[in-house]
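Structure assessment
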Amino acid sequence: MSAAGARSSTTRQVGRGSLASNAKNLEIFPWMHYGINVMEWALTWPEARAQLIDWQDEWALPMMAQLRVHAEQYRNDERLREVIQTVRSDAVARKLWDAPNLPSMTHPASHRPRRLYLPRRGGEEFSVRFLAFTPMELPSCRLMAVTPAQTA
């Protein structure tokens, strides 16, 4: 990261972890200003259901599958239990938690773009890719990079 890029990023304490983001990220995902967990936002907020195109099949079911796998792997993680409780307290998300058609993949497929609408962009549709990185020494942590999907 360049010195200019480092100056434009912000890091704040969110729960037991830190959330780092830059000004562009906060412009695109304004809900991150409030330190909301991505799973909580995407699975329970009405704005997410409107913003994330094909919300249930392309976003919610894969994310719920990830959450369910992590719930099994990290049963003693207090923050994860809090996120699950928040997600399950939403009636729509609770139905998906028990869905028989959850995908088996527990990470976003980087080769498969997802579509969304961005705030203050006039209803323009955007296509993005997610790149998931897990440090080998911290398997319960994940860094997600969101990049524009390139069209051929």
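Everything quoted here is computed from the prediction, not taken from an experiment.

1. Focus: unusual backbone geometry
A positive phi is found at Asp 54, a non-glycine position, where the angle reads about 55°. Tracing the sequence through the fold places Asp 54 in the loop between helix 4 (46–51) and helix 5 (55–73).

2. Things to note about the nonpolar core
Leu 43, Leu 52, Met 64 and Leu 67 are the most contacted members of the largest nonpolar core, which totals 32 residues. Residue assignment for this core shows that the elements contributing at least two residues are helix 2 (23–28), helix 3 (38–44), helix 5, helix 6 (78–88), helix 7 (91–97) and strand 4 (125–133). For this core, the leading source of residues is helix 5, giving 8 residues. Ignoring sequence-local partners within four residues, the contact set of Leu 43 consists of Arg 49, Trp 55, Ala 60, Met 63, Met 64, Leu 67, Val 87, Asp 90 and Ala 93.

3. Re helix 6
Residues spaced three or four apart along an α-helix face the same direction, because each turn holds 3.6 residues. Looking only at helix 6, the buried set comprises Leu 80, Val 83, Ile 84 and Val 87. Looking straight down helix 6, one finds its buried side chains confined to an arc of 100°; they lie on one side. Tucked inside the fold, the buried residues of helix 6 contact helix 3, helix 5 and helix 7. For helix 6, the N-terminal cap is Asp 77; the gap from its side-chain oxygen to the backbone nitrogen of Arg 79 is 3.0 Å.

4. Considerations on the pairing of strand 4
In this sheet, strand 4 lies alongside strand 3 (residues 114–117) in antiparallel orientation, the contact comprising 4 bridges. For Arg 114, the partnering residue across the bridge sits in strand 4 and is Val 128. Bridging between strand 4 and strand 5 (residues 143–148) involves 6 bridges; their strand directions are antiparallel. Its bridge partner being in strand 5, Leu 131 is matched across the sheet by Ala 145.

5. A closer look at the confidence of the model for the protein
Residues of the protein with pLDDT of at least 70 account for 84%, and the chain-wide mean is 82. Here residues 1–7 scores under 50 on pLDDT; set against residues more than four positions off or in separate chains, the count is 1 contact. Predicted confidence is poor over residues 13–18, with pLDDT under 50, and the contacts of this stretch with residues over four places away or in other chains come to 9 contacts.

6. Focus on the packing of aromatic side chains
What the rule picks out here adds up to 3 aromatic pairs. Both rings, one in Phe 29 and one in Trp 31, keep their centres 6.3 Å apart while their planes meet at 65°; by these two values the pair is edge-to-face. Centre to centre, the rings of Trp 59 and Phe 130 are 5.6 Å apart; their planes meet at 85°, and the pair counts as edge-to-face. Pair noted here: Trp 59 is in helix 5 and Phe 130 is in strand 4, with a separation of 71 residues, a long-range link. Of the residues examined, Trp 59 reaches a relative accessible area of 5% and is grouped as buried. Aromatic ring contacts, followed pair by pair, group Phe 29, Trp 31 and Trp 41 into a single cluster.

7. A few points about the environment of Arg 114
Structurally, the position occupied by Arg 114 is in strand 3. Take Arg 114: its relative accessible area is 10%, and that puts it in the buried class. For the pair Arg 114 and Trp 55, spaced 59 residues apart in the sequence, the C-alpha separation amounts to 9.7 Å. Only 3.1 Å separates the side chain of Arg 114 from the backbone oxygen of Glu 58, close enough to count as a polar contact.

Quick notes on the rules
- Residues numbered from 1 in each chain as written.
- Predicted model: local features only at pLDDT ≥ 70, side-chain atom pairs only at ≥ 80, totals over all residues.
- Heavy atoms only, no water.
- Helix = DSSP H or I, 4+ residues; strand = E, 2+ residues; numbered from the N terminus.
- Core = buried A, V, L, I, M, F, W, Y, C linked by side-chain atoms within 4.5 Å.
- Buried < 20%, exposed > 50% of the residue type's maximum accessible area, 1.4 Å probe, protein only.
- Contact = heavy atoms within 4.5 Å.
- Arc of directions from axis to C-beta.
- Polar contact = N/O pair within 3.5 Å; in protein donor to acceptor, adjacent residues only side chain to side chain.
- Pairing = 2+ DSSP bridges.
- pLDDT = per-residue confidence, 0-100.
- Phe/Tyr/Trp six-rings, centres within 6.5 Å; stacked < 30°, edge-to-face > 60°.

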